[in-house]
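Summary of structural features
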Amino acid sequence: MKLSEHTYIRAAVWLCLSAAGPGLAQTQYYVTTNGSDVAAGTSWATAFATITRAVTVAVDGDSVCVGPGRHGTITEIAITESLRVWATNGPAETAVIRANAAAMRVFSLNHAGAVVDGFTVTNGYLASEGQGAGVYLAAGALRNSLITLNSGWGNFNANSYGSGIYMTGGLVEDCLVSNNWTGAAAGYGGLGYGGGIYMTGGTVRRCRIVANTAKSSTGYRNGRGGGVYMTGGTIENSLICANEGPGYGGGVVMVGANARMFHCTVSDNTSYDDAGAGVYLTAGAVSNSIVYHNTRTFDQAHVNLNRGGGAVDYSCTIPLQAGTGNVSAEPGFLDRAAGDYHLRPGSACLDAAAQAAGEHDVPELRPVSPSDRRTEHRLRPQAGGHGQEGY
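What comes next concerns the included structure. (Residues numbered from 1 in each chain as written. Predicted model: local features only at pLDDT ≥ 70, side-chain atom pairs only at ≥ 80, totals over all residues. Heavy atoms only, no water.)

Turning next to the environment of Gly-190. Inspection of the secondary structure puts Gly-190 in the loop between strand E17 (181-184) and strand E18 (192-193). For the pair Gly-190 and Lys-215, spaced 25 residues apart in the sequence, the C-alpha separation amounts to 9.0 Å. (Helix = DSSP H or I, 4+ residues; strand = E, 2+ residues; numbered from the N terminus.)

The subject of this paragraph is the state of the cysteines. Tallying each qualifying case throughout the model produces zero disulfides. Cys-175 provides the cysteine sulfur closest to Cys-207, a residue in no disulfide bond, and the two sulfurs are 4.9 Å apart. On the basis of relative accessible area, Cys-207 is assigned to the buried category, the value being 0%. The structure places no disulfide on Cys-264, whose sulfur is separated from the nearest cysteine sulfur, that of Cys-207, by 9.6 Å. Given the relative accessible area of 0%, Cys-264 is considered buried. (Disulfide = S-S within 2.5 Å. Buried < 20%, exposed > 50% of the residue type's maximum accessible area, 1.4 Å probe, protein only.)

Residue Ile-318 is joined to Pro-319 through a cis peptide bond whose omega torsion reads 5°. Within the secondary structure layout, Pro-319 lies in the loop between strand E35 (316-317) and strand E36 (333-335).

Here the focus is the pattern of salt bridges. Between side chains of opposite charge, pairing is possible as soon as their charged atoms come close. Within the structure shown, the criterion is met by nine salt bridges. Of the charged contacts in the structure, one is a salt bridge between Arg-206 and Asp-174, with a shortest N-O distance of 2.8 Å. Taken as a pair, Arg-206 in the loop between strand E20 (203-205) and strand E21 (208-210) and Asp-174 in the loop between strand E15 (171-173) and strand E16 (176-178) lie far apart in primary sequence, 32 residues in all. A salt bridge links Glu-236 to Arg-205, with the shortest nitrogen-to-oxygen separation between them at 2.6 Å. One end of the pair, Glu-236, is in strand E23 (residues 228-236); the other, Arg-205, is in strand E20, and 31 residues separate them in sequence. Salt bridges sharing common partners tie together Arg-143, Glu-173, Asp-174, Arg-205, Arg-206 and Glu-236. (Salt bridge = Lys/Arg side-chain N within 4 Å of Asp/Glu carboxyl O.)

A few words on the sheet that holds E17. The parallel open sheet is built from four strands, whose spatial order is E9-E12-E17-E22. For this open sheet the edge positions go to strand E9 (125-126) and strand E22 (213-214), each flanked by a neighbour on one side alone. Alignment of strand E12 (residues 151-154) against E17, held across four bridges, turns out to be parallel. When the sheet's bridge partners are listed, Ser-151 is paired in E17 with Trp-181. (Pairing = 2+ DSSP bridges.)

And the structure:
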């Protein structure tokens with residue numbers, strides 16, 4: 001399906017060009033790459049030049065419609081009120097880019113009504129102890145976006161956290177988080193935590209977290225959580241693959257009692273010389289998930305799940321885990337080499353899931369960009385249960 005045909009794009013254009021219903025928006029502002037920040041900003045003809053200007057002028061309940069193109073920003077775009085910022089043409093055509101030589105994140109959201117929808121967010125950069133070079137999410141929602149090529153460096157024994165997204169609350173939904181890098185300069189002693197996402201709370205839903213890296217200063221071999229580092233929060237219905245966390249947890253690190261992973265596939269992630277290339281679990285819960293084909297690179301051993309605590313139920317991994325309803329048979333992905341994680345007929349993971357309190361099972365999974373292939377799979381439920389879905 002092409003992005004221009006996608007439902008949310010049509011909805012975004014409609015919201016920008018028409019009244020959106022009582023109470024949804026007081027004023028709609030517009031941003032184009034050839035606009036002017038001294039203009040009124042209340043139509044396409046009088047559009048602002050920068051998203052920062054539109055967000056500064058807008059008040060609680062307004063919306064900002066952003067036209068296609070590369071939108072540079074020299075300051076962090078901070079949304080601290082109920083404000084919707086939409087890209088009318090979606091992430092394939094609309095990028096927000098750090099255009100400042102200094103260290104700076106791109107977006108921050110800190111209001112339950114704050115929404116950022118349909119952008120590529122890229123080139124964010126933070127130095128020592130940086131959190132969320134691409135997006136810092138405390139409250140609100142990040143949707144239908146590509147978070148890519150953001151980086152964080154920890155210097156002088158300082159660490160770096162969640163270069164793609166750092167979240168303490170809120171919702172990340174239908175996003176692709178890829179090729180973000182967190183780490184430390186050689187010889188400085190710092191660590192990278194959560195190359196793609198670092199989360200202490202909130203929910204990640206129906207996302208792909210792909211090809212992110214967490215490294216360290218000591219031979220780059222001690223980063224933790226290449227894809228996701230969790231001390232809390234929930235990740236569900238998502239694919240976590242091809243991430244690298246050389247220390248441990250190439251795919252996911254779960255170290256908090258409130259960390260939850262439901263209906264996910266964790267595959268083809270790597271660590272270098274420690275266990276847990278797929279998931280490193282000391283606390284929290286994994287259920288209705290597949291953790292398979294994750295590799296320790298120094299000897300090519302399959303080290304899918306390193307478990308020092310926490311719960312694992314109704315999941316597929318090898319070696320077989322203690323818990324309810326777990327299986328260890330090869331899951332039978334349809335075309336793993338091509339990134340297609342559908343399950344083949346006859347897979348041991350079919351009819352192997354079970355419903356758990358608080359889990360969501362959403363049947364419609366949407367692609368993020370025209371070139372980004374959908375790789376949905378399903379771990380079908382037993383009677384009365386929920387199925388597993390991801391990309």
